[in-house]
Amino acid sequence: MVGAFLGAFLLLMLSAFTSVLAGGPLGSNREKVNAAYQAVAGECLNWERKDLSDAQKVDCGAAHRFEVTGTADITGAYPKEAPFPNAEAWEKIAAEHCSQTTATYMSGKLDPEGKYGVSTLNPDEKRWSDGYRQLRCGLQVTAPSGAALPSFGSAKTQDQSNVYDPAVCLALAENNTVGDPVDCAQPHAFEIIGVVQHPEGEFLATEKQDAVMSEKCAAIANDYTGGADLKAKNLLVTWDTRSEKSWAVGSRKANCKIGAVPQGNNLVAWTGSVRNPNGAPLTTANPPQTTSVKPQDEPTGAPLHSESGKPPSESGKPSDSGKPDKPSSSAPTTTSENR
């Protein structure tokens with residue numbers, strides 16, 4: 001049963017996100033990079049510099065960008081004279097050497113549509129030319145663009161639901177999809193207003209999830225906006241649902257959000273926030289993901305979370321938020337003004 005399940009989602013979990021740990025002159029920076037190259041399964045790594053030269057091991061309870069799930073030596077397939085792989089080749093290497101390793105690390109419970117993507121830390125060109133062929137397989141929380149977001153706690157113990165904190169605004173990206181978190185003063189597709197926790201138990205069919213989310217998101221919207229007339233502002237309440245694949249590995253959270261009334265099947269960008277400034281303090285994760293994502297710094301590709309292998313610009317995040325969703329029965333709404 002487990003083998004069949006793993007086989008079913010290996011392709012789904014393939015990430016082309018291939019971080020390159022850059023080498024450098026001997027010294028303190030080099031020592032930190034070496035520590036990252038020596039990391040083993042269960043250890044977490046963090047870095048700030050775009051070339052990853054300050055990468056170092058940190059406690060997984062602290063902010064980190066990479067959780068090591070295993071190592072892979074590809075010397076047999078790529079002898080010393082082999083040319084440095086291009087992006088497509090690294091993606092193939094990740095599929096062959098890190099998907100199964102990461103699935104095993106997670107005991108088969110890895111949400112193919114969740115917030116974690118399978119990634120690799122690869123040798124840079126200099127190490128490659130010197131014959132270094134060892135990879136670090138791992139997991140990262142990523143924005144749709146592929147930018148690494150801070151992660152807290154081991155993926156083994158975290159809820160993998162693909163959700164954002166209340167008050168996060170998500171950009172409208174190319175091809176009618178949802179992009180990275182941005183400041184709400186900028187044009188965006190949705191403003192996240194809350195998170196609904198579904199109970200444990202058998203999978204709830206989408207129509208049943210819709211019924212639950214419609215009621216709960218309407219109430220959340222009323223509290224979040226202070227009872228604003230969203231319909232008058234040409235906005236409405238929508239929500240995400242969890243797929244059966246996500247439900248099977250324990251993902252039970254889904255976002256309520258507010259967006260502009262779509263034009264046909266096209267999302268419409270709007271600006272400002274509908275949050276009531278006099279409302280109660282928001283309940284957020286640790287840490288809250290409430291600021292816009294910086295442009296991609298590290299020289300990497302982008303993780304894939306879709307069966308079709310589409311890049312993030314075509315697949316959107318959170319799950320289901322790349323399309324006009326289900327309006328609430330009360331049809332609340334907002335506009336470009338701050339409240």
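What counts and how
- Residues numbered from 1 in each chain as written.
- Predicted model: local features only at pLDDT ≥ 70, side-chain atom pairs only at ≥ 80, totals over all residues.
- Heavy atoms only, no water.
- Helix = DSSP H or I, 4+ residues; strand = E, 2+ residues; numbered from the N terminus.
- Buried < 20%, exposed > 50% of the residue type's maximum accessible area, 1.4 Å probe, protein only.
- Pairing = 2+ DSSP bridges.
- Axes fitted to C-alpha atoms, helices over the stretch in contact; angles between N-to-C directions.
- Contact = heavy atoms within 4.5 Å.
- Salt bridge = Lys/Arg side-chain N within 4 Å of Asp/Glu carboxyl O.

### Side note on unusual backbone geometry
Its identity is not glycine, yet S107 carries a phi of approximately 55°, on the positive side. Within the element layout of this structure, S107 appears in the loop between α4 (99-105) and β5 (116-123). The class for S107 is exposed, based on a relative accessible area of 59%. Phi is positive for A167, close to 80°, though the residue is something other than glycine.

### A look at the pairing of strand β12 (residues 253-260)
For β12, the buried fraction is high: 7 of the 8 residues fall into the buried class. By the bridge criterion, 7 bridges tie strand β10 (residues 190-197) to β12 in an arrangement that is antiparallel. Each bridged residue has a counterpart across the sheet, and for G194 the counterpart in β12 is C256. Strand direction decides the pairing type here: strand β11 (residues 235-239) and β12, joined by 5 bridges, are antiparallel. Its bridge partner lying in β12, V237 is registered against I258.

### A short note on the sheet that holds β12
One open sheet holds the 5 strands; their spatial order is β9-β8-β10-β12-β11, and the pairing between them is antiparallel. Each edge of the open sheet carries a strand with a single partner, namely β9 (177-182) and β11. When strand polarity is set aside, the average angle formed by the axes of neighbouring strands in this sheet is 35°. On the sheet, helix α6 (residues 206-225) packs against β10, β11 and β12 and is oriented at approximately 120° with respect to β10.

### Observations regarding the pattern of salt bridges
Overall, the coordinates contain 7 salt bridges when judged by the stated rule. Among the ionic pairs, K57 bridges to E43, the shortest N-O distance being 3.4 Å. One end of the pair, K57, is in strand β3 (residues 56-58); the other, E43, is in the loop between α2 (28-37) and β2 (44-46), with 14 residues separating them in the sequence. Put simply, E96 and K92 hold a salt bridge, and the shortest N to O gap is 2.7 Å.

Distances and angles like these do not, on their own, reveal function.
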